[in-house]
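# Structure assessment
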Amino acid sequence: MTDTTPPRTLVIKSTSGTDRPEAANQALTVAAAAVAAGVEVSLWLTGEAAWFGVPGRAADLELDHAAPAADLLEAVLTAGTVTVCTQCAARRGITEDGVLPGVRVAGAAVFVEESLRPGAQALVY
(Lines give C-alpha, C1' and ligand atoms only; values in the text may rest on other atoms or scores of the structure.)
Protein backbone atom coordinates (compact mmCIF):
# COMPACT_ATOMS: atom_id res chain seq x y z
CA MET A 1 0.00 0.00 0.00
CA THR A 2 1.33 3.45 -0.94
CA ASP A 3 1.14 6.30 1.56
CA THR A 4 -0.60 9.25 -0.10
CA THR A 5 -0.27 11.56 2.89
CA PRO A 6 1.40 14.80 1.82
CA PRO A 7 4.79 15.43 3.44
CA ARG A 8 4.71 17.70 6.48
CA THR A 9 6.12 21.15 5.88
CA LEU A 10 6.82 23.92 8.35
CA VAL A 11 6.28 27.56 7.39
CA ILE A 12 7.81 29.87 9.99
CA LYS A 13 7.26 33.62 9.99
CA SER A 14 9.56 35.72 12.14
CA THR A 15 8.38 39.28 12.75
CA SER A 16 11.14 40.10 15.24
CA GLY A 17 14.70 41.25 14.81
CA THR A 18 17.19 42.63 17.29
CA ASP A 19 14.26 44.51 18.84
CA ARG A 20 12.99 41.18 20.29
CA PRO A 21 16.04 38.92 20.39
CA GLU A 22 14.43 35.97 22.17
CA ALA A 23 11.53 35.72 19.72
CA ALA A 24 13.87 36.16 16.75
CA ASN A 25 16.28 33.52 18.00
CA GLN A 26 13.46 31.12 18.80
CA ALA A 27 12.15 31.33 15.22
CA LEU A 28 15.63 30.69 13.82
CA THR A 29 16.26 27.85 16.29
CA VAL A 30 13.00 26.08 15.46
CA ALA A 31 13.63 26.48 11.72
CA ALA A 32 17.17 25.09 12.00
CA ALA A 33 16.04 22.21 14.23
CA ALA A 34 13.29 21.30 11.77
CA VAL A 35 15.75 21.33 8.85
CA ALA A 36 18.12 19.11 10.86
CA ALA A 37 15.20 16.71 11.42
CA GLY A 38 14.59 16.50 7.68
CA VAL A 39 11.44 18.62 7.63
CA GLU A 40 10.76 20.85 4.63
CA VAL A 41 11.10 24.39 6.02
CA SER A 42 10.16 27.78 4.65
CA LEU A 43 11.39 30.64 6.86
CA TRP A 44 9.84 34.06 6.29
CA LEU A 45 11.67 37.15 7.53
CA THR A 46 9.20 39.97 8.04
CA GLY A 47 9.22 43.25 9.92
CA GLU A 48 12.54 43.82 11.67
CA ALA A 49 13.53 40.20 10.91
CA ALA A 50 13.88 41.25 7.25
CA TRP A 51 17.33 42.60 8.15
CA PHE A 52 18.56 39.04 8.78
CA GLY A 53 18.31 38.43 5.03
CA VAL A 54 21.06 41.01 4.44
CA PRO A 55 24.70 39.83 4.57
CA GLY A 56 26.24 40.23 8.02
CA ARG A 57 23.07 41.38 9.78
CA ALA A 58 22.18 38.10 11.53
CA ALA A 59 25.42 38.49 13.49
CA ASP A 60 23.85 41.59 15.10
CA LEU A 61 21.53 39.30 17.06
CA GLU A 62 23.31 38.33 20.25
CA LEU A 63 21.57 36.32 22.93
CA ASP A 64 23.09 34.57 25.94
CA HIS A 65 22.76 30.78 26.00
CA ALA A 66 21.64 30.67 22.35
CA ALA A 67 23.26 29.49 19.15
CA PRO A 68 24.53 32.34 16.97
CA ALA A 69 21.75 33.59 14.69
CA ALA A 70 24.08 33.61 11.68
CA ASP A 71 24.80 29.89 12.17
CA LEU A 72 21.10 29.09 12.52
CA LEU A 73 20.24 31.04 9.38
CA GLU A 74 23.03 29.31 7.47
CA ALA A 75 21.65 25.93 8.55
CA VAL A 76 18.20 26.83 7.24
CA LEU A 77 19.67 28.07 3.95
CA THR A 78 21.41 24.72 3.37
CA ALA A 79 18.18 22.75 3.05
CA GLY A 80 15.26 25.12 3.45
CA THR A 81 13.81 28.23 1.88
CA VAL A 82 14.38 31.71 3.30
CA THR A 83 12.21 34.59 2.14
CA VAL A 84 12.25 38.30 2.92
CA CYS A 85 8.83 39.92 2.71
CA THR A 86 8.51 42.20 -0.32
CA GLN A 87 6.87 45.11 1.51
CA CYS A 88 9.16 44.77 4.52
CA ALA A 89 12.19 44.85 2.24
CA ALA A 90 10.91 47.90 0.37
CA ARG A 91 10.26 49.82 3.59
CA ARG A 92 13.85 49.16 4.66
CA GLY A 93 15.50 49.80 1.30
CA ILE A 94 16.48 46.13 0.94
CA THR A 95 16.67 45.02 -2.69
CA GLU A 96 16.81 41.56 -4.23
CA ASP A 97 20.45 42.26 -5.09
CA GLY A 98 21.16 43.09 -1.45
CA VAL A 99 20.12 39.83 0.21
CA LEU A 100 22.20 36.77 1.06
CA PRO A 101 22.73 34.18 -1.67
CA GLY A 102 19.79 31.78 -1.60
CA VAL A 103 17.39 34.27 0.01
CA ARG A 104 14.40 35.31 -2.08
CA VAL A 105 12.09 38.31 -1.83
CA ALA A 106 8.38 37.47 -2.13
CA GLY A 107 5.01 38.69 -0.94
CA ALA A 108 1.92 37.70 0.94
CA ALA A 109 0.40 35.66 -1.88
CA VAL A 110 3.36 33.25 -1.78
CA PHE A 111 3.18 33.04 2.03
CA VAL A 112 -0.51 32.17 1.88
CA GLU A 113 0.09 29.61 -0.87
CA GLU A 114 2.80 27.88 1.17
CA SER A 115 0.79 28.00 4.39
CA LEU A 116 -2.30 26.45 2.82
CA ARG A 117 -0.57 23.52 1.13
CA PRO A 118 -1.76 20.13 2.35
CA GLY A 119 0.45 19.02 5.22
CA ALA A 120 1.69 22.53 6.03
CA GLN A 121 1.96 23.91 9.54
CA ALA A 122 2.50 27.65 9.97
CA LEU A 123 4.12 29.21 13.04
CA VAL A 124 4.50 32.92 13.70
CA TYR A 125 7.08 34.36 16.08
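Residues numbered from 1 in each chain as written. Predicted model: local features only at pLDDT ≥ 70, side-chain atom pairs only at ≥ 80, totals over all residues. Heavy atoms only, no water.

Below, the discussion takes up the packing of aromatic side chains. For the structure shown, the criterion picks out one aromatic pair. Residue placement shows Arg-57 over the ring face of Trp-51; its charged tip is 4.2 Å from the ring centre. (Phe/Tyr/Trp six-rings, centres within 6.5 Å; stacked < 30°, edge-to-face > 60°. Lys NZ or Arg CZ within 6 Å of the ring centre and 35° of its normal.)

What follows is about the pairing of strand β4 (residues 103-106). Bridge analysis of strand β3 (residues 81-85) against β4 gives four bridges, and the strand direction is parallel. When the sheet's bridge partners are listed, Val-84 is paired in β4 with Val-105. Running through helix α3 (residues 86-92), the crossover from β3 to the neighbouring parallel element β4 is right-handed. (Pairing = 2+ DSSP bridges. Helix = DSSP H or I, 4+ residues; strand = E, 2+ residues; numbered from the N terminus. Right-handed = clockwise from strand over helix to strand, strands pointing away.)

Our focus in this paragraph is unusual backbone geometry. Although it is not a glycine, His-65 sits at a positive phi angle of roughly 65°. For His-65, the location among the structural elements is in the loop between β2 (40-45) and α2 (69-79).

Our focus in this paragraph is the pattern of salt bridges. Taken as a whole, this structure holds four salt bridges when the rule is applied. Among the salt bridges present, the one from Glu-48 reaches Arg-92, with a minimum N-O distance of 2.9 Å. Linking Glu-48 in the loop between β2 and α2 with Arg-92 in helix α3, this pair joins segments that are 44 residues apart in sequence. Residue Glu-48 is classed as partly exposed on the basis of its relative accessible area of 33%. Measuring nitrogen to oxygen at the nearest pair gives 3.8 Å for the salt bridge that ties Glu-113 to Arg-117. Accessibility expressed as a relative area gives 38% for Arg-117, which makes it partly exposed. (Salt bridge = Lys/Arg side-chain N within 4 Å of Asp/Glu carboxyl O. Buried < 20%, exposed > 50% of the residue type's maximum accessible area, 1.4 Å probe, protein only.)

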